[in-house]
Amino acid sequence: MAKPNDLVQGTLDLLILKTISLEPKHGWAIAKRIQQISGEVLQVQQGSLYPALHRLEQKAWIKAKWKETETGRQAKFYSLTAAGRAQLEKEAANWGRLSTAINLVVETT
Amino acid sequence: MVSARRVWVRLGTLFHRNRRAQRLDDEFQFHLDQQITENIAAGMSPEEARYAAMRSFGNPTVLNEETRDTWGWTRLEQFSQDFRYGLRVLRRSPGFSALAILSLALGIMAATAMYSVIYGVVLHPFPYRDVDSLMSIKVWSPDSSRYRLGYTVDQFLEIAERNVIFEGTIASTISDVVWRSGEQPLRLRGNVCTMNTFAVMGVPPLFGRVPTEADGAPGAPRVAVLGYKFWMRQFGGDPGVVGRAMLFNDTVRTVIGVMPPRFMWRGADVYLPIVFQRGEFLEGVHYVHVLGRLKPGVTETQAETDLRPIIADLKQREPAAFPAKWRVGLLSFKETFPSGIREVLWILFGAVGMLLLIACANVSNLLLTRSASRQREIAVRASLGATRGRLLRQLLTESALLSALAAVIGAALAFGALRAILAIVPPESIPDEAQVALNRPVLLFTLGVSFVTTLLFGLTPALHASRGQLVTALKESGRGIGAGFRRVSASGGLVVIEVAMSFVLVVGATLMVRTVLAIENENLGIRTDHVLTMRIPLSSQRYTDASRRSSFFEELLRRIELLPGIEAAAINTGMHPFFGGMETPVEIPGTAQTDARPVLIHEVSRDYTKVFGIALLEGRLFTDSEIAARSRLAIVNQGFVRRYFPDSEPLGRIVRVPRLSSESHLADDAFQIVGVVKDALNRGLTREIAPELYFPHTITGSGEFLAVLTNTDPAGWAKTVAEQVYAIDPSQPVTDVRSMSSRLNDWEYSGPRFSVVLLAIFASLGLTLAVVGVYGVVSNAVAQRTHEIGVRKALGAGSRDVLRLVFRFGARFILPGIGIGAAASVGAARILGSQLWGVSPHDPVALVSVVVMLLTVGFLACWVPARRAMRVDPVVALRYE
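Residues numbered from 1 in each chain as written. Chains lettered and ligands numbered in written order. Predicted model: local features only at pLDDT ≥ 70, side-chain atom pairs only at ≥ 80, totals over all residues.

**Q** Could you give an account of the overall build of chain B, naming the residues involved and the relevant values?
**A** Counting secondary structure elements, chain B contains 28 helices and 24 strands. On C-alpha atoms alone, chain B measures out to a radius of gyration of 39 Å, which is more than a quarter above the 29 Å that the 2.2 N^0.38 rule sets for 881 residues. With the C-alpha coordinates of chain B rotated into their principal frame, the extents come out at 135 × 85 × 60 Å. In chain B, which comprises 881 residues, the proportion classed as buried is 41%. Here the contacts in chain B between residues at least 6 apart in sequence split such that 84% fall between residues at least 24 apart. (Helix = DSSP H or I, 4+ residues; strand = E, 2+ residues; numbered from the N terminus. Rg over C-alpha atoms; globule rule 2.2 N^0.38 Å. Buried ≥ 20, exposed ≤ 12 C-beta atoms within 10 Å, placed from the backbone. Contact = placed C-beta atoms within 7 Å.)

**Q** So what's going on with the nonpolar core? Which residues, and what values?
**A** Residues and elements named next belong to chain B. Within the largest apolar cluster, 104 residues are counted, with the highest numbers of intra-cluster contacts made by Ala110, Leu355, Val499, Phe503, Phe762, Val774 and Val778. Where this core is concerned, the elements lending two or more residues are helix H6 (94–123), helix H12 (342–383), helix H13 (388–424), helix H14 (440–458), helix H17 (481–520), helix H24 (740–784), helix H26 (799–832) and helix H27 (844–870). Look past the residues within four positions of Ala110 in its chain and what remains in contact with it is Val352, Leu355, Leu356, Ala417 and Phe762. Counting residues in hydrophobic clusters, the runner-up holds 57 residues, among them Ile526, Ala569, Val599 and Ala634. (Core = buried A, V, L, I, M, F, W, Y, C linked by C-beta atoms within 7 Å.)

**Q** Report on unusual backbone geometry, specifying residues and quantitative values.
**A** Residue and element names in this part refer to chain B. Geometrically, the link from His576 to Pro577 is a cis peptide bond, its omega value of -5° lying close to zero. Locating Pro577 in the fold gives a position in the loop between strand S15 (566–572) and strand S16 (582–584). Positioned with a positive phi, Asp250 is a non-glycine residue whose angle comes to about 65°. Here Asp250 shows up in the loop between strand S9 (245–248) and strand S10 (251–258).

**Q** Can you break down the interface of chain A and chain B residue by residue, with the values?
**A** If you look at the interface, chain A gives 19 residues, while chain B gives 21 residues. Elements represented by at least two residues in the side of chain A that touches chain B include exactly helix H2 (27–37), helix H3 (49–58) and strand S3 (74–80) of chain A. Top contributing element to the side of chain A that touches chain B by residue count: H3 of chain A, with 6 residues. Residues of the side of chain A that touches chain B, tallied by class, amount to 6 nonpolar, 8 polar and 5 charged. (Nonpolar A, V, L, I, M, F, W, Y, C, P; charged D, E, K, R; others polar.)

**Q** Can you lay out the pairing of S10 of chain B for me, pointing to particular residues and giving the numbers?
**A** Residue and element names in this part refer to chain B. As paired elements, strand S7 (residues 207–208) and S10 share 2 bridges and run antiparallel to each other. Within S10, the residue paired with Phe207 across the bridge is Val258. As paired strands, strand S8 (residues 223–226) and S10 are joined by 4 bridges and run parallel to one another. Its bridge partner being in S10, Val223 is matched across the sheet by Thr254. Two elements, S9 and S10, share 4 bridges in a ladder whose sense is antiparallel. Looking at the pairing, Ala245 lines up with Thr254 of S10. Counting the residues that bridge the hairpin from S9 to S10 gives 2 residues, and of these Asn249 lies at a positive phi of roughly 50°. (Pairing = 2+ DSSP bridges.)

**Q** Before we move on, could you go through the packing of H3 of chain A against helix H4 (residues 60–70) of chain B and cite the residues and values that matter?
**A** At a closest axis distance of 8 Å, the pairing of H3 of chain A and H4 of chain B adopts a crossing angle of 10°. One finds that H3 of chain A runs roughly parallel with respect to H4 of chain B. Crossing of H3 of chain A over H4 of chain B shows right-handed handedness. In contact with Tyr50, Pro51, His54, Arg55 and Gln58 of chain A of H3 of chain A, H4 of chain B contributes Leu63, Glu66, Thr67 and Thr70 of chain B. (Axes fitted to C-alpha atoms, helices over the stretch in contact; angles between N-to-C directions. Parallel < 35°, antiparallel > 145°, perpendicular 65-115°, else oblique. Left-handed = near helix turned anticlockwise from the far one by under 90°.)

**Q** Could you give an account of the sheet that holds S3 of chain A, naming the residues involved and the relevant values?
**A** Residues and elements named next belong to chain A. The sheet built from 3 strands is open, its strands ordered S1-S3-S2 with antiparallel pairing. Each edge of the open sheet is held by one strand with a lone partner, namely strand S1 (25–26) and strand S2 (62–68). Where S2 lies against S3, 7 bridges are found, and the strand directions are antiparallel. Bridge pairing in S3 links Lys67 to Ala75.

**Q** Describe in detail H27 of chain B, supporting the description with residues and values.
**A** Look at H27 of chain B: 37 Å from first C-alpha to last across 27 residues, which is about the 39 Å you get at 1.5 Å a residue. At Val864 of chain B, H27 of chain B shows its maximal bend, which comes to roughly 30°, and the proline Pro865 of chain B appears one to four places after that position. (Expected span 1.5 Å × (residues − 1). Bend = angle between axes of the 7 residues up to and from the residue.)

So far we have only geometry, and geometry alone does not tell us how the molecule works.
Next comes the structure, spelled out in structure tokens:
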């Protein structure tokens, strides 16, 4: 099982921001979503999501609200703030540059 | 925008920590429940589903901590833990905490309050612009310690017009001004001053305006400016008074302004700005005080060079006005108007400094003692993984807590102490302008001192703990015998210092007490009970010559003597024991005596010596007819006889008073001595008796002090006596109505009492703290040596041996402390010398009694732990083995 540290910290932030960019989600849903989309490649220890979520919240990139789920339970839903959206764009662009660069290096040799 | 939101979020986290922690648990629980539900849906048993969910989630406790770390404020959280723990530590040993906090608080209180007084009274008493460039002009003779600052109006004008060193030169007076508004005239303290006074002093008015050039133009309406206190007292702070016309000295003046509270130039109620003219006669004023604002960069030598020819010309015009050999120079404003208690205040400040040191030493000592007992606790913490930084932080928090509590209490006490000190400050001893308030920089300084002290000594356990002594400390099971010695010697040194300094303080206080006793026990040579005194200053406009003035007083005395219950009443130009009227040299015709030292002149009515109980030794007193006839007769005191007639008979001899003919324009200044009276103190209580000469008040009519001997409480007679004055002249004011004893108290006794009360308080506080120090170190040693004492007892040592052991230990601090203190007090007493009277600074009685006192209290402080040591049961003590 992959340890949380195996994911570069910035990458986990990017994943979280991207995941909630469409609609507010609670922690479990975020974890599930990351696993599904990545085709079960990115194994995140589910609990390690929470320190990251709270850190992002302290940075005011995401905000949280307690709401009822479809099943009628209270859950904490996270959504992007304006600053978070800007951060997402910045980090996505960074990621794009980085992965292109790495691809270039890997493929030419 | 982002940062604002971030701040908001972070503050929310700070203030809703507990709720957030609760909700974090809910969040985790929700996550697990979701996963469990999914797992069950996938076909697992509930049990299995739970374990799987928890496996995929991770360790909730670790995650919880990690998450909370992201909230930040960890330091703060630890601080609040340390803070609460610190409070618990303080509460756990209430005796220690109370002593430490109280010691510091007392030090903070005393130092802050005392320095605040010094700052307000000595260092920064005046509100005037750039006080350091305001200078008086002083002329003095190298042969004499006295100098003059007063000049006639003509002399002032000459100086003001010719000097080039001053930007502006002003003259001022203190004069009695009669203000007539209602039935009874009020006598005010007036300052007849130059128009430019307010501009030169550089203080804007509170209301209205100050005089300008235009107010000095010929024919311009006369103006007046009111002092703040008078304005508040008479007009209740009504700004509408500006523009009102008022009758001062029978002249109408328009009030143009009110000065702010601290503008108390010459302490005046009312300022009467005028344009000084040559030859002008100011009522009741011989001399004006001259003050100039020095131009920037003018040196003292330049000033002297500039002023010298001016004074030389003045002397050439009036040779008698200045001494034969004279010098001229500047006197700074602060020296011109010094506080009478300046020296006392500095001495008290020194005392307070010592008290602060004792307090700090005491706290250090307490902290060191406690650190010994906490050695084990710290070791346990360190071995359980507390880092050195964390330990330091914890101890730091505890120390800070201790000094913060002391700071709060100390500051509050300082506030009270300041008011208490001001309440006993002798009357008229501080400049009118002085405003004494708690001095914030000093408060911060003393707080800093106390903080550093607690810090320094509060951290020692942590420093010890980090020196790899963990194992030793743990092994020693909290007794700390081996590690104790160095600390004992460190705190022992502190105790020696405490004892030494308290010794110095107590010696100082003892010397002051002896001074006050000497002053209070002094035989004044006059009676002071049942005497009512007052001043009746006659206006020279309405009482133009000597005969009118003296007949007013003769009529007044006649009326007062008729009152049943009055024994006698008298008039004089001055009053025993404070001062005579004039001080001037005399001549004895037909002898070669050239004694230029002055003689005190009393111009009296018939019963003056009767009122004050001054015995007639030879000859006779004046008769009514002689007084009425203005006979040139004199009575002298024993001092006079000793100086001028040591070997011959004084009665019948002639004495000339040249100043009467030169200044008061008397044709005949020769007096025949008809009587000799007993000496009485006449220049204050602490100066030797000067030769005196009494002559009838009718000759110059310059008497103004009335003394009445009553057969009941003198204060009760004030109104009745004043009514006699009003009966003769309804517009004649009466001022300074007081009993002799209260006058003596204010003018003579309150000064030394002020120093003695404060010194005694500081000394007893210092002594108490030192005794606590001795007690602390000895009782700590006894506690640490319980085992040793048990062994000694088991081996056959008796109670006396144990007592000797403990006392010998205590003597190691007390005896050197007394030795050092005795040496230091020799120097300290010399500083105190100027305040002492009737007792030598090296008074053996004081020194010996203080030694005995310190030995007694010191060994009493050892006695309590010694008894504890004597009761040690060898069996119990050895059981710890």
